[in-house]
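# Summary of the model geometry
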Amino acid sequence: MECVFGLVGNGFAIVAADTSAVHSILLHKNNEDKIMVLDSHKLVAASGEPGDRVQFTEYVQKNVSLYKFRNGIPLTTAAAANFTRGELATALRKNPYSVNILMAGYDKESGASLYYIDYIATLHKVDKGAFGYGSYFSLSTMDRHYRSDMSVEEAIELVDKCILEIRSRLVVAPPNFVIKIVDKDGARDYAWRQSVQDVTTAAV
């Protein structure tokens, strides 16, 4: 029931994810951030089992930081994606992670890029990608409207179209989404799209 998608524009990459923490038929919270800032110029949007998602993305984040600490230079986005794929492939034959990843990054030499990594360690460099039930609607919307030379404003408009389609057509649609961007200025939050606020219930 998760919805994670992303795209590459002209000098930037954007990823969006729902913010629902769900178990069975229960919704536990509406503000779970499923997009991790890997380092200054990389983002990892993940879907899958909550424990695997959190543990594996933190594991990748710390190893990317360790590489930079040891060698004095950061991994490129392609190198980080290949490292992630390698760890998933190793775990696949031992204790597999149920996690799907979209890794977005910006490198001075190659610009913005987006990598699709699924739970069976398939790795592809893509212009647009999605995971979860929301992918049925976001991928078709992006196929129709996506252009490789999109500006940030045009890309955000497309992301909003995808969110609207998911909310309109998916029977178990998540209400809230977080959008993050990475470009030459770094990885950062861009916006939250909220239709439901967390409500604190007073004890009776």
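Below, the structure is looked at part by part.

Reading guide: rules and limits
- Residues numbered from 1 in each chain as written.
- Predicted model: local features only at pLDDT ≥ 70, side-chain atom pairs only at ≥ 80, totals over all residues.
- Heavy atoms only, no water.
- Helix = DSSP H or I, 4+ residues; strand = E, 2+ residues; numbered from the N terminus.
- Rg over C-alpha atoms; globule rule 2.2 N^0.38 Å.
- Buried < 20%, exposed > 50% of the residue type's maximum accessible area, 1.4 Å probe, protein only.
- Areas by Shrake-Rupley, 256 points an atom, 1.4 Å probe, with all protein chains shown as cover.
- Patch = residues over 30% accessible without salt bridge, like charges linked within 9 Å, V, L, I, M, F, W, Y side chains within 5 Å.
- Salt bridge = Lys/Arg side-chain N within 4 Å of Asp/Glu carboxyl O.
- Phe/Tyr/Trp six-rings, centres within 6.5 Å; stacked < 30°, edge-to-face > 60°.
- Pairing = 2+ DSSP bridges.
- Axes fitted to C-alpha atoms, helices over the stretch in contact; angles between N-to-C directions.
- Contact = heavy atoms within 4.5 Å.

Our focus in this paragraph is the overall build of the protein. Of regular secondary structure, the protein possesses 4 helices and 12 strands. Relative to its length of 204 residues, the protein is compact, with a C-alpha radius of gyration of 17 Å against a globular reference of 17 Å. Across its three principal directions, the C-alpha atoms of the protein cover 55 × 40 × 30 Å. Among the 204 residues that make up the protein, the fraction classed as buried is 47%. Roughly 10,600 Å² of accessible area belongs to the protein as shown, and the carbon and sulfur atoms make up 51% of that amount.

With that settled, the discussion passes to a nonpolar patch on the surface. The grouping of Met1, Val22, Leu27, Tyr133, Tyr136, Val171 and Val172 at the surface amounts to a nonpolar patch, some 720 Å² of accessible area in total. By the element assignment, Tyr133 lies in the loop between strand S10 (128–132) and helix H3 (135–145).

A full pass over the atoms with the stated rule returns 4 aromatic pairs. Summarising the aromatic geometry, the rings of Tyr133 and Tyr136 are spaced 6.5 Å apart at their centres and angled 25° between planes, so their arrangement reads as stacked. Among the aromatic residues, ring-to-ring pairing joins Phe56, Tyr59 and Tyr97 into one connected group.

A few words now on the sheet that holds S10. A sheet is described by the order of its strands in space; here 5 strands give the open sequence S10-S1-S2-S11-S12, paired in antiparallel fashion. Each end of this open sheet is capped by a strand with a single partner; those strands are S10 and strand S12 (186–193). Adjacent strand axes in the sheet meet at a mean angle of 15°, parallel and antiparallel pairs treated alike. In this structure, strand S1 (residues 3–8) lies alongside S10, joined through 5 bridges in antiparallel fashion. Its bridge partner lying in S10, Cys3 is registered against Gly132. Running at roughly 165° to S10, H3 makes contact with S1 and S10 of the sheet.

Another aspect to go through is the pattern of salt bridges. The final tally for this structure, using the stated rule, is 14 salt bridges. Here Arg53 and Glu32 are joined by a salt bridge, their closest N and O atoms 3.5 Å apart. Of this pair, Arg53 sits in helix H1 (residues 50–71) while Glu32 sits in the loop between strand S4 (26–29) and strand S5 (35–39), and the two are 21 residues apart along the sequence. Each member of the pair, Arg53 as well as Glu32, carries the same accessibility label: buried. Several salt bridges share partner residues, and in doing so they unite Glu2, Asp18 and Lys34 into one network.

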